[in-house]
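Inside the fold
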Amino acid sequence: MPSSSGRPDATPGAAPAAPALQSGRLSSAAPRAARLSSLDTLESEAIHIIREVVAEFEKPALLFSGGKDSVVMLHLATKAFWPGKVPFPVLHVDTGHNFPEVIDFRDRTVERLGLKLVVGSVQEFIDSGELAERSDGTRNPLQTVPLLDAIQRNKFDAVFGGGRRDEDKARAKERILSLRDEFGQWDPRNQRPELWNLYNGRHTVGQHVRAFPISNWTELDVWRYIERENIELPGLYYAHDREVFARDGMWRAVGEVSPPRDTEQVITKTVRYRTVGDMSCTGAVESSAATVRDVVIEVAASTITERGATRADDRISEAAMEDRKKDGYF
């Protein structure tokens, strides 16, 4: 019998229709599953990738320079295995041109977390004659040989990096798990498909994989995450007074490895660094952003990537990054 409302009576003993199904559409009163924020989604993806790599590979390592992306990577690894310790060492290729503040931060972080630090030294390769100083004074492109040597010597079969697709065209081409051949080289034309969050870690003896858990993050995502997680960074990421000189459209720091030319005037400016490479190739930007919140606001308004704005080594040629990556660079 139909009810007074005109609808058939419910079957005896059956539960009443859920509000979400009434009238064929969701009711405003229907309970909704909590949605992850964009940062939570990125964090979850990164932690999943880190755990997958550790499960699939025998000897992973994490590239850790003390720069913001590698610091975020280490923070994610710490969360991935908490309350246990990070189950792999950190690897740094020391060019000898690093900012002293960053090396100090690197060492303090490694000691605080009880990590094993593996260092590949560009200076040692120069001293042995296996590498030669470049005419432009930068050592950043010289990192490839010490990196591949450290990977081979320590038999690392997976190396985590903090590369992001928004940084550079070459990095945008790279998969989250990126195969390197027996010579440590990368072939951008031979990329494996990554569908439905399935990552192919297959490799043969002598090959290794580079893993990029924050590949889908942007610079703004990184800074919002740093703010949310209250992550400590080297002080040069925030506004400070520094002696600088203008070169190639950037403010370069005065230092032993980055002396000004006779025609370059040294002045003191309030600057900060968006990315931390070598003193000999990394430029500062004029900024009054002294806190994480200030930096988030500044980055949100930026129209150029941090590498495009501040890295002289990426201006060597139109395909500078891709050429270095083909040879085995980060």
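Conventions adopted
Residues numbered from 1 in each chain as written. Predicted model: local features only at pLDDT ≥ 70, side-chain atom pairs only at ≥ 80, totals over all residues. Heavy atoms only, no water. Helix = DSSP H or I, 4+ residues; strand = E, 2+ residues; numbered from the N terminus. Polar contact = N/O pair within 3.5 Å; in protein donor to acceptor, adjacent residues only side chain to side chain. Contact = heavy atoms within 4.5 Å. Pairing = 2+ DSSP bridges. Axes fitted to C-alpha atoms, helices over the stretch in contact; angles between N-to-C directions. Salt bridge = Lys/Arg side-chain N within 4 Å of Asp/Glu carboxyl O. Buried < 20%, exposed > 50% of the residue type's maximum accessible area, 1.4 Å probe, protein only. Right-handed = clockwise from strand over helix to strand, strands pointing away. Core = buried A, V, L, I, M, F, W, Y, C linked by side-chain atoms within 4.5 Å.

**Regarding the side chain of serine 258**
Here serine 258 is to be found in the loop between strand S8 (250-253) and strand S9 (267-272). Only 2.6 Å separates the side chain of serine 258 from the backbone oxygen of alanine 253, close enough to count as a polar contact. In contact with serine 258, other than residues within four places in its own chain, are Phe245, Ala253, Met279 and Ser280.

**Quick look at the sheet that holds S9**
Strand pairing in a sheet is mediated by backbone hydrogen bonds. Such pairs are either parallel or antiparallel. Ordered in space as S7-S8-S10-S9, the 4 strands form a closed barrel in which the pairing is antiparallel. Averaged over all pairs of adjacent strands, the angle between their axes in this sheet comes to 70°, without regard to strand direction. Here S9 runs beside strand S10 (residues 283-286); their pairing, made up of 2 bridges, is antiparallel. What sits directly across from valine 271, in S10, is glutamate 286.

**Let's talk about the pattern of salt bridges**
The full count for this structure, using the stated rule, is 24 salt bridges. Between aspartate 69 and arginine 164 there is a salt bridge whose closest N-O contact spans 3.0 Å. Here aspartate 69 is found in helix H2 (residues 68-81), whereas its partner arginine 164 is found in the loop between strand S4 (158-160) and helix H6 (169-173), with 95 residues between them in sequence. By relative accessible area, aspartate 69 is classed as buried at 11%.

**Looking at the sheet that holds strand S5 (residues 177-180)**
Taken together, 6 strands build an open sheet; the order of strands is S3-S2-S1-S4-S6-S5 and the sheet is mixed. Strands with a single pairing partner mark the edges of an open sheet, and in this sheet they are strand S3 (117-121) and S5. On average, each strand axis in the sheet is inclined to that of its neighbour by 30°, with strand direction left out of account. Bridge count between strand S2 (residues 90-94) and S3: 5 bridges; the pairing is parallel. Each residue of the ladder has a partner; that of valine 93, found in S3, is glycine 120.

**Observations concerning the pairing of S2**
The element S2 is extensively covered by neighbouring structure, given that 4 of its 5 residues are classed as buried. Sheet topology places strand S1 (residues 60-63) next to S2; 2 bridges connect them, and they run parallel. Within the sheet, the bridge partner assigned to leucine 62 lies in S2 and is valine 90. This β-α-β element, S1 to H2 to S2, shows right-handed connectivity.

**Considerations on the pairing of S8**
On S8, burial covers both faces: Met250 and Arg252 on one face and Trp251 and Ala253 on the other are all buried. The pairing of strand S7 (residues 240-247) with S8 spans 4 bridges and is antiparallel. Residue pairing for S8: phenylalanine 245 is matched across the bridge by arginine 252. Connecting S7 to the antiparallel partner S8 that follows it, the hairpin turn spans 2 residues, and aspartate 248 within it adopts a positive phi of roughly 55°. Taken together, the 2 bridges between S8 and S10 define a ladder with antiparallel strand orientation. In the strand pairing of S10, tryptophan 251 is matched with alanine 284.

**Comments concerning the nonpolar core**
Leu76, Trp217 and Trp223 are the most contacted members of the largest nonpolar core, which totals 57 residues. At the level of secondary structure, the elements contributing two or more residues to this core comprise helix H1 (38-56), H2, helix H3 (100-113), S4, strand S6 (208-211), helix H7 (219-229), S8 and helix H8 (292-300). Ranked by the residues each element gives to this core, the list is headed by H2, at 8 residues. Contacts of tryptophan 217, omitting those with residues within four sequence positions, involve Leu42, Glu43, Ala46, Val72, Leu76, Arg164, Asp166, Val222 and Tyr225. Of all hydrophobic cores here, the second largest spans 15 residues; its members include Val93, Val118, Leu131 and Leu147.

None of the figures reported here should be taken as evidence of function without further support.
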